[in-house]
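Spelled out from the first residue to the last, the chains are:
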Amino acid sequence: MPDYENYTRTSRNYDQTRVPIGVDTIITEMSRGEKPLSQQTVLDAGCGTGNYLLQLHDKVDFIIGLDRNQGMLKRSEEKLLQAGAGNFELRRAELPEIPFEDDTLDRIMINQVIHHLDTKPDYPVLREFCRNAYRALRSGGSIIINTCSPQQIWDCYWYVEFVQPGAERLAQKYIPIDQLRQFLHEIGFGDVRQIVDVAEIFYGDHYYDLEGPLNAAWRDGDSIWSLLTEEELNTSLESYRRAHADNRLKEILNRTEKRRRAIGQSVFVCGDV
Ligand SMILES: C[S@@+](CC[C@H](N)C(=O)[O-])C[C@H]1O[C@@H](n2cnc3c(N)ncnc32)[C@H](O)[C@@H]1O
């Protein structure tokens, strides 16, 4: 299954802008139930450059990162070794496969990956992934899915009005949250819940860099840009430059901030086994 994002190239720039969002939510979710976090085996599916592995390895017993892209896995390994982590394994794997025996994992998290798996209306790959997760999780375990709603894509990123065709294509790739919850429920997950922390911002402070769109490395932080054709990208940058020259960017940012503070930029959907 080809990806619309070239992660071998992106792996070199990804950490310039992307920060792990929702780590507190993940820790709270993983701390539910009887088994202490320090005794848990955790899988990060689509671990990318290991930003979540890095935040969590010293809080859990063992952590596993899966990704299809060797460049991303290499960055994960470099960062974990640099942090002195010894309790990890990194594996190349293609989701929806979860190459673990039944009832062996305490938590499976998947952060900002499911929009790469497939598209509407039925999301067969995503459903297969959720079924595999249910199988591989132990009783008392849970799945933690970090994603965005289509509305968050449209309403909560200040530069979206410059990248409309990309936003249109990206929003199509994000499953509506009610449908995702329904899938989990049908598979057998219990207490399916959704959590939004409106204070969590993709790219942290880099998000507020109003010069960002001019920088290819900054654009690598959001798939919305990679979904534009070259011609569309040129048109986008032209209209962005015009808005910049007319001093309209601050006003655009402030307008989006109101919506972002109300809706947030991401959602966690979790369910128990
Ligand atoms: C947007 S990045 C998110 C990385 C990381 N979870 C984070 O939030 O920083 C998406 C990651 O999912 C991986 N990915 C996409 N589709 C995949 C698949 N079918 N199997 C395994 N990995 C996949 C990509 O290689 C990439 O590293």
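Cut-off values and rules
- Residues numbered from 1 in each chain as written.
- Predicted model: local features only at pLDDT ≥ 70, side-chain atom pairs only at ≥ 80, totals over all residues.
- Helix = DSSP H or I, 4+ residues; strand = E, 2+ residues; numbered from the N terminus.
- Buried ≥ 20, exposed ≤ 12 C-beta atoms within 10 Å, placed from the backbone.
- Arc of directions from axis to C-beta.
- Contact = placed C-beta atoms within 7 Å.
- Near = placed C-beta within 6 Å.
- Nonpolar A, V, L, I, M, F, W, Y, C, P; charged D, E, K, R; others polar.
- Pairing = 2+ DSSP bridges.
- Axes fitted to C-alpha atoms, helices over the stretch in contact; angles between N-to-C directions.
- Parallel < 35°, antiparallel > 145°, perpendicular 65-115°, else oblique.
- Left-handed = near helix turned anticlockwise from the far one by under 90°.
- Right-handed = clockwise from strand over helix to strand, strands pointing away.
- Expected span 1.5 Å × (residues − 1).

Next up on the list: the overall build of the protein. Assigned secondary structure in the protein consists of 12 helices and seven strands. Across the 273 residues of the protein, 42% fall into the buried class.

Restricting attention to buried positions, one finds in helix α7 (residues 164-173) the residues G166, A167, L170 and K173. When α7 is viewed along its axis, its buried side chains cluster within an angular range of 120 degrees and face the same direction. Contact partners of the buried residues in α7: α6 (150-155) and α10 (223-226).

Around the ligand, the surrounding shell holds 19 residues, and the nearest of these are G46, G48, R68, N69 and L95. Grouping the amino acids of the shell around the ligand by side-chain chemistry returns seven nonpolar, seven polar and five charged.

Spatial strand order, β3-β2-β1-β4-β5-β7-β6: seven strands in an open sheet with mixed pairing. Lying at the two open borders of the sheet, with one neighbouring strand each, are β3 (88-92) and β6 (190-195). Across this sheet, the average inter-strand angle for adjacent strands is 15 degrees, counted without regard to direction. Sheet analysis places strand β4 (residues 105-111) next to strand β5 (residues 137-147), joined by six bridges and oriented parallel.

As a packed pair, helix α5 (residues 124-136) and helix α8 (residues 177-187) sit with axes 10 Å apart at the nearest point and diverge in direction by 40 degrees. Compared by their axis directions, α5 and α8 come out oblique. Judged by the sense of rotation from one axis to the other, the crossing of α5 with α8 is right-handed. Each of R127, C130, R131 and Y134 in α5 lies in contact with α8, whose residues at this interface are F183, L184 and I187. Here the residues of the contact of α5 with α8 are counted per class, giving five nonpolar, no polar and two charged.

With that settled, the discussion passes to the pairing of β3. Taken together, the five bridges between strand β2 (residues 62-67) and β3 define a ladder with parallel strand orientation. Directly across from I64, in β3, lies its bridge partner E89. Following the chain from β2 across helix α4 (residues 70-82) to the adjacent parallel β3, one finds a crossover that is right-handed.

Our focus in this paragraph is the environment of S226. Relative to the helices and strands, S226 is located in helix α10. With 19 C-beta atoms counted inside 10 Å, the residue S226 sits in the partly exposed group. As for S226 and G166, which are separated by 60 residues in sequence, their C-alpha atoms are 7.6 Å apart.

Turning our eyes to something else, we now look at α4. Given a rise of 1.5 Å per residue, 13 residues ought to cover 18 Å, and the 18 Å separating the end C-alpha atoms of α4 matches this to within 8%. M72, L73, R75, S76 and L80 are the residues of α4 that are buried. An end-on view of α4 places all buried positions within 160 degrees of arc, on one side of the element. Along α4, the residues that are exposed and aim more than 90 degrees away from the buried face are Q70, E78, L81 and Q82. Where α4 ends, the next residue or the one after it, G84, has phi of about 80 degrees, a positive value.

Take the pairing of β2 next. Side chains on a regular strand alternate between the two faces of the sheet. Of all six residues making up β2, five are buried, and the element is well covered by its neighbours. Taken together, the five bridges between strand β1 (residues 41-45) and β2 define a ladder with parallel strand orientation. Across the sheet, L43 pairs through a bridge with I64, a residue of β2. At this point the chain moves from β1, through helix α3 (residues 51-56), to the parallel β2, and the crossover so formed is right-handed.

Below, the discussion takes up unusual backbone geometry. Here L95 and P96 are connected by a cis peptide whose omega angle stands at 20 degrees. The residue D191 is not glycine, and still its phi comes out positive at about 45 degrees. Note that D191 resides in strand β6. Residue D191 is classed as exposed on the basis of its C-beta count, with 11 C-beta atoms lying within 10 Å. The backbone phi angle of Y203 is positive, close to 65 degrees, even though this residue is not glycine. With respect to the secondary-structure elements, Y203 resides in the loop between β6 and α9 (216-219). Since 19 C-beta atoms lie within 10 Å of it, Y203 is described here as partly exposed.

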